[in-house]
Number of protein chains: 2
Amino acid sequence: VISNLQPADQLTVRRNNLALVLRLLHDEGPRSRASVANETGLNKATVSRLVAELIDRGLVRELGLVNERRRGRPPTLLELDGRHVAALGLELNVDFITAIAIDLGGRVIFQRTRAIDAATAPRHQTLRALASMVRQTVEAVSTSCNTIAGITVAVPALVDVDAGAITFAPNLHWSNVDVGSRVASALGSTVNVSVDNDANLGAFAEYRVGKHAGTANLIYITGQTGVGGGIVVDGRLLRGASGFSGEVGHMHVMEGGPQCGCGRFGCWEALVGLRPLLREAVPDVLAMVDAAHTRVGPEEKVAHVVRRAEAGDTRVLAALQRHGRWLGTGLATLVNVFNPEVVILGGFFRDVAPWMLDEAEETMRALSIAPDAGGCQLSVSTLGFSAAALGAAIHTAERVFADPGGV
Amino acid sequence: VISNLQPADQLTVRRNNLALVLRLLHDEGPRSRASVANETGLNKATVSRLVAELIDRGLVRELGLVNERRRGRPPTLLELDGRHVAALGLELNVDFITAIAIDLGGRVIFQRTRAIDAATAPRHQTLRALASMVRQTVEAVSTSCNTIAGITVAVPALVDVDAGAITFAPNLHWSNVDVGSRVASALGSTVNVSVDNDANLGAFAEYRVGKHAGTANLIYITGQTGVGGGIVVDGRLLRGASGFSGEVGHMHVMEGGPQCGCGRFGCWEALVGLRPLLREAVPDVLAMVDAAHTRVGPEEKVAHVVRRAEAGDTRVLAALQRHGRWLGTGLATLVNVFNPEVVILGGFFRDVAPWMLDEAEETMRALSIAPDAGGCQLSVSTLGFSAAALGAAIHTAERVFADPGGV
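Caption draft 1: Quick look at the confidence of the model for chain A. Residue and element names in this part refer to chain A. When the pLDDT values of chain A are averaged, the result is 91; 96% of them are 70 or greater. In this model residues 1-7 is a low-confidence stretch, pLDDT under 50, and it forms six contacts with partners more than four residues away in sequence or in other chains. With a pTM of 0.88, the predicted complex shows an ipTM of 0.87.

Caption draft 2: Representation of helix α2 (residues 33-40) of chain A within the structure. Residue and element names in this part refer to chain A. The complete set of buried residues in α2 reads Val36, Ala37 and Thr40. On an axial view of α2, the arc spanned by its buried residues comes to 100°, and they lie on one face. Looking at the buried side of α2, the elements it contacts are α1 (10-28), β1 (31-32) and α3 (44-56). Positive backbone phi, at 80°, marks Gly41, one or two positions downstream of α2.

Caption draft 3: Highlighting the sheet that holds strand β15 (residues 342-345) of chain B. Residues and elements named next belong to chain B. Pairing is mixed across the open sheet formed by five strands, whose spatial order is β14-β13-β12-β15-β16. Whereas interior strands pair on both sides, the edge strands pair on one side only; in this sheet they are β14 (236-237) and β16 (377-380). Summarising the sheet, β15 and β16 pair through four bridges and their orientation is parallel. Paired with Val343 across the two strands is Leu378, which belongs to β16.

Caption draft 4: Here's a closer look at the pairing of strand β9 (residues 165-169) of chain A. Residues and elements named next belong to chain A. Burial runs high along β9: four of the five residues are buried. Sheet topology note: the strand β8 (residues 158-160)/β9 ladder contains three bridges and is antiparallel. By the bridge assignment, Val159 is partnered in β9 with Ile166. Hairpin connection between β8 and β9: a loop of four residues separates the two successive antiparallel strands, and Gly164 in this loop has a positive phi of roughly 65°. Pairing of β9 with strand β10 (residues 174-177), which is carried by three bridges, proceeds in the antiparallel orientation. Counterpart to Ile166 in the pairing with β10 is Val177. A loop of four residues connects β9 with β10, the two strands running antiparallel in sequence, and His173 in this loop sits at a positive phi of about 60°.

Caption draft 5: Structural context of the packing of aromatic side chains. Applying the stated criterion across every chain, the model contains five aromatic pairs over all chains. Ring geometry for A:Phe338 and B:Phe338: centres 4.6 Å apart, planes at 35°, overall tilted. With one member in each of two chains, A:Phe338 in helix α11 (residues 314-338) and B:Phe338 in helix α11 (residues 314-338) form a pair that bridges those chains. With a relative accessible area of 3%, A:Phe338 lands in the buried category. Between B:Arg123 and the ring centre of B:Trp174, over which it is positioned, the NZ or CZ distance is 5.9 Å.

Caption draft 6: Structural view of helix α9 (residues 283-292) of chain B. Residue and element names in this part refer to chain B. Along α9, the residues classified as buried are Val285, Leu286 and Val289. In an axial view of α9, the angular spread of the buried residues amounts to 95°, which keeps them on one side of the axis. Seen from the open side of α9, the exposed residues pointing more than 90 degrees away from its buried face are Met288 and Ala291. Of the surrounding elements, those touching the buried residues of α9 are α8 (274-281) and α10 (298-310).

Caption draft 7: Local environment of unusual backbone geometry. Residues and elements named next belong to chain A. Even without glycine at this site, Ala373 takes up a positive phi of about 50°. Here Ala373 lies in the loop between α12 (349-366) and β16 (377-380). By relative accessible area, which is 1% here, Ala373 ends up buried.

Caption draft 8: Main features of the packing of helix α1 (residues 10-28) of chain B against helix α3 (residues 44-56) of chain B. Residues and elements named next belong to chain B. Contact pair α1 / α3: the axes reach a minimum separation of 10 Å and the direction vectors enclose 75°. Between α1 and α3, the angle is such that the two are roughly perpendicular. In this structure, α1 contributes Arg14, Asn17, Leu18, Val21 and Leu22 to the contact, and α3 contributes Leu50, Val51, Glu53 and Leu54.

Caption draft 9: Structural detail: the pattern of salt bridges. Residue and element names in this part refer to chain B. Per the stated rule, a full pass over the model turns up 38 salt bridges over all chains. Between Glu62 and Arg33 there is a salt bridge whose closest N-O contact spans 2.8 Å. Of this pair, Glu62 sits in strand β2 (residues 60-65) while Arg33 sits in helix α2 (residues 33-40), placing them 29 residues apart in sequence. Judged by relative accessible area, which is 45%, Glu62 ranks as partly exposed. For Arg33, a relative accessible area of 24% translates into the label partly exposed.

Caption draft 10: Looking closely at the packing of α1(B) against α2(B). All names here are of chain B. The geometry of α1 relative to α2 is characterised by a closest axis approach of 11 Å and an angle of 110° between their N-to-C directions. With respect to α2, the element α1 is oriented roughly perpendicular. For the pair α1 and α2, the sense of crossing is right-handed. Packed against α1, whose contacting residues are Leu20, Val21, Leu24 and Leu25, the element α2 presents Val36, Glu39 and Thr40 at the interface. Residue classes in the contact of α1 with α2 are distributed as five nonpolar, one polar and one charged.

Conventions and cut-offs
- Residues numbered from 1 in each chain as written.
- Chains lettered and ligands numbered in written order.
- Predicted model: local features only at pLDDT ≥ 70, side-chain atom pairs only at ≥ 80, totals over all residues.
- Heavy atoms only, no water.
- pLDDT = per-residue confidence, 0-100.
- Contact = heavy atoms within 4.5 Å.
- Buried < 20%, exposed > 50% of the residue type's maximum accessible area, 1.4 Å probe, protein only.
- Helix = DSSP H or I, 4+ residues; strand = E, 2+ residues; numbered from the N terminus.
- Arc of directions from axis to C-beta.
- Pairing = 2+ DSSP bridges.
- Phe/Tyr/Trp six-rings, centres within 6.5 Å; stacked < 30°, edge-to-face > 60°.
- Lys NZ or Arg CZ within 6 Å of the ring centre and 35° of its normal.
- Axes fitted to C-alpha atoms, helices over the stretch in contact; angles between N-to-C directions.
- Parallel < 35°, antiparallel > 145°, perpendicular 65-115°, else oblique.
- Salt bridge = Lys/Arg side-chain N within 4 Å of Asp/Glu carboxyl O.
- Left-handed = near helix turned anticlockwise from the far one by under 90°.
- Nonpolar A, V, L, I, M, F, W, Y, C, P; charged D, E, K, R; others polar.

Written out as structure tokens, the structure reads:
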């Protein structure tokens, strides 16, 4: 009547207790079984059983004996064995694939990026490149890690998280692609694979390890071919009713505006994405890349803009000013609607910030109804193009702490 | 280490326990002290003390004896005495003030609306009208209620909820007005007064008692001179970092658009608010009302539009079509960003819905990136112009259940 608490079933209890012990060792460092029992309130027999399971799964190891100068046999210390467990994060985007592996201590133990051309290449070729990157990553970490905790794949798409599938990816021209099972079958093993939106995972990386880590109300904007939003509200990722929130790139900001990758006209992304910037600022470069179907990563593309901006190219500087204004226009809508503490610009925005950030911020402030934009700070990500892959890896690692029995 | 639970101080414990007992009587109906002790797990002496305090505050009364055919003295039943406690909600808007009083059972026991002209009247005159409405309401309910649980005032403004003050109200042309203390001092007593944004309180009413009550992800749009948004995410009202969220009326939707009450150009409100609709559809009516400084409520204003639309006036019908398109454009942005289950249109939108809702919905769907607008339903409020006042009254009542000691 008063409380909705129900007796948890045994499986849930075991999972929660495994997580409790693992997190204690992670947060507080090595300690004995007796200390674990003491601090968790679990009885000693249960702790022994849980620890045995964690050791068995390669998540915990025995460190040695404590010399506590007491009578009797000194207890054995237990330690999180995170160095031998790899959590993988991948990002598949229009022009690159990035893989990052971290250990359970959060250290990056592997990172690789390759340029692709997913917009024009056949889908199976792109999925093969992704699978190949996964296998390379697993192989590379296998020298130091004996356990793969799982894989999370970031994609520039509306995602059905439960199914691990892309619903719709405008810039890849993909609909209903079962990315999760493709990746899993590429490994031929039972590794747990999750799929999530790139902006959500980028926001998650910012929330966990970015320079504004822990900020309860933050918005992360991806800067790729597409522009997406990962939105943290009161410390929780906004997902919406069916996981389709944060599609800020398709806010309609310009009546009669240019055509977007999604087919509509006047989307924010069609004005502030990397491709429209290249078209306005360095059309010759874009034409060359497009004609050659060359695989050119986003860093290389934006480098052309930066070089000419540094050289004082007036066309490029004017394009960047206009870009900043449109960026600020959409940001103001997000400020008016969410009242965030900070908006963090990811991807290529960092590289061109010196020539457009002031314009963006001024426009954002001018079009925000709250005084001083409600205190919102406009910031540039320090995680660059690998934010989503890093967020994906952290997401994988945190799943281990939530459910160590799932490894 | 593991848990952050700290021993609650005695005051908190007492407040929580009072709330626990009161909610039990509210949700489960009359019962004895012994039953209350049983069901809450509190000991009998504590329950007796809590019940005495609740009776003292007029929130609980003794109903009579239970005939349980058992030995010994039959126990006395306790009942929520909500009929004698009034929770007040007021809405101050540009062209009207509404007061609603409900009892703790949720029944509306008083409702009154008067037309004002807050945009041109001096501020002190409007505040005097508000204070007078509060006094009338208190007087009207005093015949049936012996306790005023508190007052919540809804305003079309950015609000500092903690201070009970308006930060900025574009359509009233007010900045930094301490509405809460003005209302409190008008009563000359120590009644608790809260102030909150009209859209937030309208959304709260929809979430509690509207036709989509309980929908975890809903957006409520106010339809007044101004247009605001109250946004419920996962069952919680979105407030943002400093309470300035939901200012959807000032989303910049039209480059070079008409001027808004806030001074900017191209805000959504300047295209879909009541005033721009009157200007486009029935300019003669608007000119007349403006010239005469007549106090005309929003219902009366929109009735002119409805009458001419019913008569087939082509100017009015064209204006409504255009209105629907711009409405849908802004709604699509909200759908793309929040992925709500339902968007509920409040205020005057209901009255003109027959001539513009299809157009609005079509545009909303066309500009949403998620298939089928992510499943979002477009709905019209059944609470009309009194949604915010009703939400304010419910807010007041729920505060009693959260903290019965505060009455």
